[in-house]
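Report on the structure
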Amino acid sequence: DTAVSQTPKYLVTQMGNDKSIKCEQNLGHDTMYWYKQDSKKFLKIMFSYNNKELIINETVPNRFSPKSPDKAHLNLHINSLELGDSAVYFCASSQVNTGELFFGEGSRLTVL
Amino acid sequence: AQSVAQPEDQVNVAEGNPLTVKCTYSVSGNPYLFWYVQYPNRGLQFLLKYITGDNLVKGSYGFEAEFNKSQTSFHLKKPSALVSDSALYFCAVRDTTGGSYIPTFGRGTSLIVHP
């Protein structure tokens, strides 16, 4: 039974399109995250949401928006895709007081 | 502000030899420290963490790490490396004194274990 699941695993799309990546966790965690991993494997926090508070990394373009219908889901929506958005996007969850993150398997986005 | 450094992009070790992957950190207060492993085309997996207490922390797959407050380090170690340990390893830190609960990750160290 997958703890953190994200779909789709692969996305190939054209510049200018809009896409969404879904994430669900069944661990009962109170906090969820989106990270971007670039071609050099560097991990950059994009968003964090813990029921009451959305924290946005100020360097993330506003074309990216998180949507959380409930505490078990944190979806990522991207408008007007650009070539530089090509990366692997990871969803993760945690209990904020224990700290360790549980990651999904990643969604590889390729923008052509 | 919190930061973490992994000074080696790559570590090479022969199978059966001990391995060390280095990590140093900077926080304003007390740290929570973590190690994660990433296999190719997979998500990160939690290995171990230091919150408080014993400076030597044991984790999954025979890995351990030692918290050294004076050197602000949290190096990952294993007494005998396996070829299957070859992967990308990330150190992460979270400052427990005020600030954000979001951990900061290092740039990763690629561990290559040669048969």
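Scroll up to find the structure this text is about.
First, a word on scope: everything that follows refers to the structure included in this document. (Residues numbered from 1 in each chain as written. Chains lettered and ligands numbered in written order. Predicted model: local features only at pLDDT ≥ 70, side-chain atom pairs only at ≥ 80, totals over all residues. Heavy atoms only, no water.)

What about the pairing of strand E10 (residues 87-95) of chain B?
Residue and element names in this part refer to chain B. Judged by how many residues are buried, E10 sits mostly within the fold: nine of nine residues are covered. Where strand E5 (residues 31-38) and E10 come together, eight bridges link them in antiparallel fashion. Each bridged residue has a counterpart across the sheet, and for leucine 33 the counterpart in E10 is valine 93. As paired strands, E10 and strand E12 (residues 109-114) are joined by three bridges and run antiparallel to one another. In the strand pairing of E12, tyrosine 89 is matched with threonine 109. In this structure, E10 lies alongside strand E11 (residues 104-105), joined through two bridges in antiparallel fashion. Considered in E11, the bridge of alanine 92 is made with phenylalanine 105. (Buried < 20%, exposed > 50% of the residue type's maximum accessible area, 1.4 Å probe, protein only. Helix = DSSP H or I, 4+ residues; strand = E, 2+ residues; numbered from the N terminus. Pairing = 2+ DSSP bridges.)

Here's the deal with the packing of aromatic side chains
Scanning the entire structure with this criterion turns up 15 aromatic pairs over all chains. Centroid distance tyrosine 33 of chain A to tyrosine 101 of chain B: 6.4 Å. Interplanar angle 70 degrees. Geometry classified as edge-to-face. Within this pair, whereas tyrosine 33 of chain A is found in strand E4 (residues 31-37), its partner tyrosine 101 of chain B is found in the loop between E10 and E11, the two belonging to separate chains. The two residues tyrosine 33 of chain A and tyrosine 101 of chain B agree in class, both being buried. When the ring of phenylalanine 103 of chain A is compared with that of phenylalanine 105 of chain B, the centres are 6.1 Å apart and the planes differ by 80 degrees; the resulting orientation is edge-to-face. Taken together, the residues phenylalanine 103 of chain A in strand E10 (residues 102-103) and phenylalanine 105 of chain B in strand E11 connect one chain to another. Like phenylalanine 105 of chain B, phenylalanine 103 of chain A is buried. Chaining the aromatic ring pairs together yields one cluster made of Tyr33, Tyr35, Phe90 and Phe103 of chain A together with Phe34, Tyr36, Phe46, Phe90, Tyr101 and Phe105 of chain B. Geometry around phenylalanine 63 of chain B places lysine 78 of chain B over its ring, the cationic atom sitting 5.0 Å from the centre. The aromatic ring of phenylalanine 42 of chain A is capped on one face by arginine 107 of chain B, whose charged end is 4.6 Å from the ring centroid. (Phe/Tyr/Trp six-rings, centres within 6.5 Å; stacked < 30°, edge-to-face > 60°. Lys NZ or Arg CZ within 6 Å of the ring centre and 35° of its normal.)

Topic: unusual backbone geometry
Cis peptide bonds are those with omega within 30 degrees of zero, and the linkage from threonine 7 of chain A to proline 8 of chain A qualifies with 0 degrees. Turning to its location among the elements, proline 8 of chain A is positioned in the loop between strand E1 (4-7) and strand E2 (10-13). Phi is positive for asparagine 41 of chain B, which is not a glycine, with a value near 60 degrees. By the element assignment, asparagine 41 of chain B lies in the loop between E5 and strand E6 (44-50). Look at asparagine 41 of chain B and you get exposed, because its relative accessible area is 58%. You will see that threonine 72 of chain B, though not glycine, has its phi angle at about 45 degrees, which is positive. One can find threonine 72 of chain B in the loop between strand E8 (64-68) and strand E9 (73-78).

Here we look at the interface of chain A and chain B
Every contact between the two is made by 24 residues of chain A and, on the other side, 19 residues of chain B. Taken over both partners, the interface formed by chain A and chain B buries close to 1900 Å², and the fraction arising from carbon and sulfur atoms is 57%. Among the salt bridges present, the one from arginine 42 of chain B reaches glutamate 105 of chain A, with a minimum N-O distance of 2.4 Å. If you look at where chain A meets chain B, you find six residue pairs in polar contact (both at pLDDT 80 or more). The set of elements that each furnish at least two residues to the side of chain A that touches chain B consists of E4 and strand E5 (43-49) of chain A. Split by residue class, the side of chain A that touches chain B holds 11 nonpolar, eight polar and five charged. (Contact = heavy atoms within 4.5 Å. Buried area = accessible area lost by both parts, 1.4 Å probe. Salt bridge = Lys/Arg side-chain N within 4 Å of Asp/Glu carboxyl O. Polar contact = N/O pair within 3.5 Å; in protein donor to acceptor, adjacent residues only side chain to side chain. Nonpolar A, V, L, I, M, F, W, Y, C, P; charged D, E, K, R; others polar.)

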